[in-house]
Amino acid sequence: MGLRIPMTAVPQRTALSHSLGALAACLVGVSEYFRYQGALNRVTLTALDFEVVVGALTFTGSLVAAAKLQELLRGRPITYRGQNILSASVLTVIVCSAIYLVVTQAATPFFYVMVGLALVFGLLLVIPIGAADMPVVIALLNSYGGLADSAMGFVLMNKIQIITGSLDGTSGFLLSLLMCRAMNRSAMNVLFGAFGSGVVEDEAAAAAEAKGTVRNISAEETAVLFETARNVIVVPGYGMAVAQAQHAVAELGNILRERDVDVKFAIHPVAGRMPGHMNVLLAEANVAYEHLVEMEHINPEFPQADIVLVVGANDVTNPAAKTNKSSPLYGMPILEVSRAKSIIVLKRSMRPGFAGVDNDLYYNENCMMLFGDAKDSLTKLIGEMKSLL
Ligand code: NAP
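Residues numbered from 1 in each chain as written. Predicted model: local features only at pLDDT ≥ 70, side-chain atom pairs only at ≥ 80, totals over all residues. Heavy atoms only, no water.

**A few points about the site of the ligand**
Then step 1. Around the ligand, 31 residues are found, and the nearest of them are Gly272, Asn314, Asp315, Arg348 and Ser349.
Then step 2. The backbone of Ala271 places a nitrogen or oxygen atom 3.2 Å from a nitrogen atom of the ligand.
Then step 3. Side-chain polar atom of Lys347 to an oxygen atom of the ligand: 3.0 Å apart, as the coordinates give it.
Then step 4. Considered on its own, the ligand offers 910 Å² of accessible surface; in the complex 97% of this is hidden by protein.
Then step 5. Of all the secondary-structure elements, those providing two or more residues to the shell around the ligand are helix H10 (238–243) and strand S6 (342–347).
Then step 6. Tallying contributions element by element places H10 first for the shell around the ligand, with four residues.
Then step 7. When its residues are assigned to classes, the shell around the ligand shows 17 nonpolar, eight polar and six charged. (Near = heavy atom within 4 Å. Polar contact = N/O pair within 3.5 Å; in protein donor to acceptor, adjacent residues only side chain to side chain. Areas by Shrake-Rupley, 256 points an atom, 1.4 Å probe, with all protein chains shown as cover. Helix = DSSP H or I, 4+ residues; strand = E, 2+ residues; numbered from the N terminus. Nonpolar A, V, L, I, M, F, W, Y, C, P; charged D, E, K, R; others polar.)

In structure tokens form, the structure reads like this:
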């Protein structure tokens, strides 16, 4: 799987790995319970209950997360009446069953009911979460999988398992908190906020029409604009990963630098689909690390930029995150590209990004759209720039 899966599908592949790891932990717990017929001491039974419950819910939760990211399931949050009551009731039954099993130390089929309910709870937990929040959920499920493994270590008295499971549990938890901070969201909001559920595509299209005109630009015209630019900032996003345009981006950077243009790459902490996604792609294309500038350092530099070239980034540049309180992106720190002298956006259409909301940036007077696959557009642009020499 690791060899065949493209970089853009790594989050869903990671979710599948978590689901299998968690299933393994859950099955080991079930087999231990079956082997000793419940006749285990209370400490071991507590660890075993934790292992099977967290393992089971992580298994189904991760499967739903992978299916959402792979678009096998609807990406938007799936909500329904009485959802919180149902989830809370299932969780209460699970917790009460676990306590009962520990107190009675009995061999009872009730144990298997608890495991079944934990599987259902995993589904209930992830279905109401929007696809844009899935990377955070995956990090959280990673943490749950680690905790289930660690609990398995206590059941089997395996110290290495306790240590590795705890490391996995803590690092996954910290990663999810860091992602939440980068999106200016609380973990509670990610888990229970049903992000993006209010966005209706027709409404988004109508809103887009009301915003005004979009200016197109061709690769030839873009090449002419670059002739006079002295200061360029490239903003990569998920579309660069899809188009595999990182080598073309790096080549453009080198050509501009040879012409004494100051070129920087603006890195948003949640650009792409996993933390560090853009850094990894640009490193693969041999872009020097010192040319990558993090959001808080590059934002003050946008007003001095002659051209900002947005390569397949969308949500991380959306000014609505700062100005529109009703936008689901409101509060997320963004790359303030609208402050540049001119902005050129490389994307294929006016379709929204991961969050499913229209981007006000595209209607700005200083913004021009170079429609097409990012790699094709960059190849044409580089060809035009070379022919202008
Ligand atoms: P984005 O908002 O998902 O937008 C990507 C854009 O790329 C799309 O608008 C798409 O437009 C364009 N695109 C796709 N394929 C393309 C191609 N072949 N050529 C050119 N353009 C292409 O991406 P982003 O700005 O990087 O934002 C990341 C999103 O993921 C945010 O919403 C963030 O909150 C979320 N997220 C990320 C992480 C993380 O760790 N990175 C974690 C949690 C959440 P067209 O379809 O019109 O081409």
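Having seen the model, we can carry on.
**Structural notes on the side chain of Ser19**
Then step 1. For Ser19, the position within the fold is in helix H1 (residues 10–36).
Then step 2. There is a polar contact of 2.7 Å between the side chain of Ser19 and the backbone oxygen of Leu16.
Then step 3. Leave out the neighbours within four places in its chain, and Ser19 touches Thr58, Phe59, Ser62 and Leu63. (Contact = heavy atoms within 4.5 Å.)

**Regarding the environment of Gly165**
Then step 1. Following the sequence through the fold, Gly165 ends up in helix H6 (residues 159–182).
Then step 2. Note on Gly165: relative accessible area 3%, which makes it buried.
Then step 3. When the C-alpha atoms of Gly165 and Met152 are compared, they prove to be 8.7 Å apart, with 13 residues separating the residues in sequence.
Then step 4. Aside from chain neighbours lying at most four places away, what touches Gly165 is Gly146, Leu147, Asp149 and Ser150. (Buried < 20%, exposed > 50% of the residue type's maximum accessible area, 1.4 Å probe, protein only.)

**Overview of the state of the cysteines**
Then step 1. Summed over all chains, the structure comprises zero disulfides.
Then step 2. The cysteine Cys26 is free of any disulfide, with Cys96 supplying the nearest cysteine sulfur at 19 Å. (Disulfide = S-S within 2.5 Å.)

**Thoughts on the packing of aromatic side chains**
Then step 1. Applying the stated criterion to the full structure yields four aromatic pairs.
Then step 2. Each ring, one from Tyr100 and one from Phe110, has its centre 5.6 Å from the other, and the planes form 90 degrees; the classification is edge-to-face. Taken as a pair, Tyr100 in helix H3 (residues 83–104) and Phe110 in helix H4 (residues 110–126) lie far apart in primary sequence, 10 residues in all.
Then step 3. In this structure Tyr100 comes out as partly exposed when scored by relative accessible area, which is 41%.
Then step 4. On the basis of an interplanar angle of 85 degrees and a centroid distance of 5.3 Å, the ring pair of Phe111 and Tyr112 is categorised as edge-to-face.
Then step 5. On the accessibility criterion, Tyr112 (38% relative accessible area) is partly exposed.
Then step 6. Connected via pairs of aromatic rings, a cluster forms that spans Tyr33, Phe111 and Tyr112.
Then step 7. Positioned above the aromatic ring of Tyr238, the side-chain terminus of Arg273 is 3.5 Å from the ring centre. (Phe/Tyr/Trp six-rings, centres within 6.5 Å; stacked < 30°, edge-to-face > 60°. Lys NZ or Arg CZ within 6 Å of the ring centre and 35° of its normal.)

**Some thoughts on the pattern of salt bridges**
Then step 1. With the rule as written, the count across this model stands at eight salt bridges.
Then step 2. Note that Lys264 and Asp262 form a salt bridge whose closest N and O atoms lie 3.5 Å from each other.
Then step 3. Look at Lys264 and you get partly exposed, because its relative accessible area is 21%.
Then step 4. Relative accessible area serves as the criterion here: at 35%, Asp262 is assigned to the partly exposed category.
Then step 5. We note a salt bridge from Glu336 to Lys322, for which the minimum N-O separation is 2.9 Å. Placement of the pair is Glu336 in the loop between helix H14 (320–323) and S6 and Lys322 in helix H14, with a sequence separation of 14 residues.
Then step 6. A single salt-bridge network, built from bridges that share partners, covers Asp262, Lys264 and Glu301. (Salt bridge = Lys/Arg side-chain N within 4 Å of Asp/Glu carboxyl O.)

**A look at empty space enclosed by the protein**
Then step 1. This model, assessed by the stated rule, comprises one cavity of 30 Å³ or more.
Then step 2. By volume, the largest cavity amounts to about 40 Å³.
Then step 3. The wall of the largest cavity is formed by Leu125, Val126, Ile129, Val137, Leu140, Leu141, Tyr144 and Leu191.
Then step 4. If you list the elements that add at least two residues to the lining of the largest cavity, you get H4 and helix H5 (134–156).
Then step 5. By residue number, the principal contributor to the lining of the largest cavity is H5, which donates four residues.
Then step 6. Tallied by class, the residues present in the lining of the largest cavity amount to eight nonpolar, no polar and no charged. (1 Å grid on protein atoms, 1.4 Å probe; cavity = no way out; pocket = protein on both sides within 12 Å on 5 of 7 lines; lining within 4 Å. Points joined across faces, edges and corners; volume = space filled by probe spheres on them.)

Distances and angles like these do not, on their own, reveal function.
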